[in-house]
Amino acid sequence: MKRVKVLKSVLVSNMQRARENRREFDRMNSLVINIIASPGAGKTSVIERIVEYFKKKRKILVIEGDIRGQVDSKRLAKLGVDVIQINTVTECHLDAFMTAQALPKIDKKYNLILIENVGNLVCPAEFEIGEDYKLAILSTPEGDDKPLKYPLLFHLAKVVVINKCDLLPYVDFSKKRAKKNVLRENSKARIFEVSAKTGDGFGKFYSFLEKELNAKKKKG
Amino acid sequence: MHEFSVTKSLVDLCNAEAEKNNFSRIYKIHLKVGRFTGFSPDSISFYFEHLKPNTKCQDAEIIFDEVPIRIKCTDCGKENEIEEPILVCPECGKMTIEVISGREFFVESIEGE
Ligand SMILES: Nc1nc2c(ncn2[C@@H]2O[C@H](COP(=O)(O)OP(=O)(O)OP(=O)(O)O)[C@@H](O)[C@H]2O)c(=O)[nH]1
Ligand SMILES: [Mg+2]
Ligand SMILES: [Zn+2]
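Treat the numbers as computed from the prediction; the structure is a model and nothing was measured.

Peer 1: Quick rundown of the sheet that holds strand β1 (residues 2-9) of chain A? Include the residues and the values.
Peer 2: Taking strand neighbours across the sheet as the criterion, the four strands line up as β1(A)-β6(B)-β1(B)-β2(B) in an open arrangement whose pairing is mixed. In this open sheet, the two edge strands, each paired with only one partner strand, are β1 of chain A together with β2 (61-67) of chain B. The average angle at which neighbouring strand axes cross in this sheet is 20°, direction not considered. When β1 of chain A meets strand β6 (residues 105-112) of chain B, the two strands line up antiparallel, connected through six bridges. By the bridge assignment, R3 of chain A is partnered in β6 of chain B with E111 of chain B. Helix-sheet contacts for helix α1 (residues 3-20) of chain B involve β1 of chain A together with β1 (26-34), β2 and β6 of chain B, and the interaxial angle to β6 of chain B is about 45°. Its contacts with the sheet place helix α2 (residues 41-51) of chain B against β1, β2 and β6 of chain B, and it is angled at close to 165° to β2 of chain B.

Peer 1: Got a sec to walk through the pairing of strand β7 (residues 159-163) of chain A? Specific residues and values, please.
Peer 2: Residue and element names in this part refer to chain A. Counting buried positions along β7 gives five out of five residues, so the element sits mostly inside the fold. Going residue by residue along β7, you find V159, V161 and N163 tucked away on one face and V160 and I162 tucked away on the opposite face as well. Where strand β6 (residues 133-139) lies against β7, five bridges are found, and the strand directions are parallel. Bridging across to β7, I137 finds its partner in V161.

Peer 1: Please set out the side chain of S30 of chain A residue by residue, giving values where relevant.
Peer 2: Residue and element names in this part refer to chain A. Mapped onto the elements, S30 comes out in the loop between α1 (12-27) and β2 (31-37). Taking relative accessible area as the criterion, S30 reaches 0% and is therefore assigned buried. Discounting residues that sit within four places of it in the chain, S30 has contacts with F25, Y110, N111, I113, D132 and K216.

Peer 1: Hey, could you go over the interface of chain B and chain A for me, with residue numbers and the actual values?
Peer 2: Chain B puts 35 residues into the contact, and the matching count from chain A is 29 residues. Across the interface of chain B and chain A, roughly 2,900 Å² is buried in total on both sides, 64% from carbon and sulfur atoms. Per-residue buried area on chain B facing chain A is highest for H2, M95 and E108 of chain B; these three make up 18% of the total on that side. If you look at where chain B meets chain A, you find five salt bridges. Residue K8 of chain A is joined to E17 of chain B by a salt bridge in which the shortest nitrogen-to-oxygen separation is 2.6 Å. Linking chain B with chain A are 15 residue pairs in polar contact (both at pLDDT 80 or more), by the criterion used here. Of all elements in the fold, only α1, β1 and β6 of chain B reach the threshold of two or more residues within the side of chain B that touches chain A. The greatest single-element share of the side of chain B that touches chain A, amounting to eight residues, is contributed by β6 of chain B. Residues belonging to the side of chain B that touches chain A are distributed by class as follows: 19 nonpolar, ten polar and six charged.

Conventions we followed
- Residues numbered from 1 in each chain as written.
- Chains lettered and ligands numbered in written order.
- Predicted model: local features only at pLDDT ≥ 70, side-chain atom pairs only at ≥ 80, totals over all residues.
- Heavy atoms only, no water.
- Pairing = 2+ DSSP bridges.
- Helix = DSSP H or I, 4+ residues; strand = E, 2+ residues; numbered from the N terminus.
- Axes fitted to C-alpha atoms, helices over the stretch in contact; angles between N-to-C directions.
- Contact = heavy atoms within 4.5 Å.
- Buried < 20%, exposed > 50% of the residue type's maximum accessible area, 1.4 Å probe, protein only.
- Buried area = accessible area lost by both parts, 1.4 Å probe.
- Salt bridge = Lys/Arg side-chain N within 4 Å of Asp/Glu carboxyl O.
- Polar contact = N/O pair within 3.5 Å; in protein donor to acceptor, adjacent residues only side chain to side chain.
- Nonpolar A, V, L, I, M, F, W, Y, C, P; charged D, E, K, R; others polar.

Right under this line is the structure:
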């Protein structure tokens, strides 16, 4: 019997595919955001807000990752935004190969590509899909301890959106504790507090995105 | 749940490495799994039993080498091992932390013939 060194990541093929996706997205000069949150946290609602705000001045594509169905795609199509649906069927997350299925369907240059990952705080965190960065959404009814319970996602997410702030009077959620818990996983996280229902708090978030989009434009 | 596809990748990777080294069988897979990953050795073992038949891994077992989380504080410079992934410096309380280890997830080596 012989022992041989391998020293290869188990995720190596996903990582390679993610890099190829990234090159494609970069060629189009698109800002690509991988949106991750638990089911019902408000991923689609936040995307709807971003689309409404930016759709006149920027070309936006939404890639919808769902286990099955087209419920969210239909919701977004109503806003007149381009949507590509990917059904993961058995998988609880999008991986780089599933995301690559969307590439041949992209027939123009988009400034912004928003990818709604499958509702799940655990699995999507480990799988790069070719994004510029991850955006995590934490909604107030879920509790302010979630960053500590799902540390990896909050560690990796450059942006954290605290959603459903309109419900703060009714839920046990301290914004202060939530922010502290996010920062304990990622001291550089950019945190925004919003309500996708009322639109409160989106101003700062839009200016942040605007800057990111401009930076991307300059690079290309 | 996601351990199924991950374990499938593991089996594919090991089969390819066995091929490269002219192994007809693998007996041991030494797998490094950091404690700051989303992968659980128990679920990997569980799926591995389902995925290994009729491959070069069919007689293999996985030897897990779990890697603790080590952090370095960029403020005070101290390094520490932590149990839970709460990235606060145990020395000075600052959150200026770099993760040094704990994110590993790779096949260190395989044994076979
Ligand atoms: N009160 C309140 N409700 C919200 C807010 N944002 C979203 N919702 C509601 O929460 C529910 C789930 O919102 P979605 O946007 O569908 O959430 P999602 O994360 O896309 O859900 P999945 O795709 O099913 O995982 C809907 O009933 C929304 O109307 C908010 O800021 N405040
Ligand atoms: Mg949705
Ligand atoms: Zn320190």
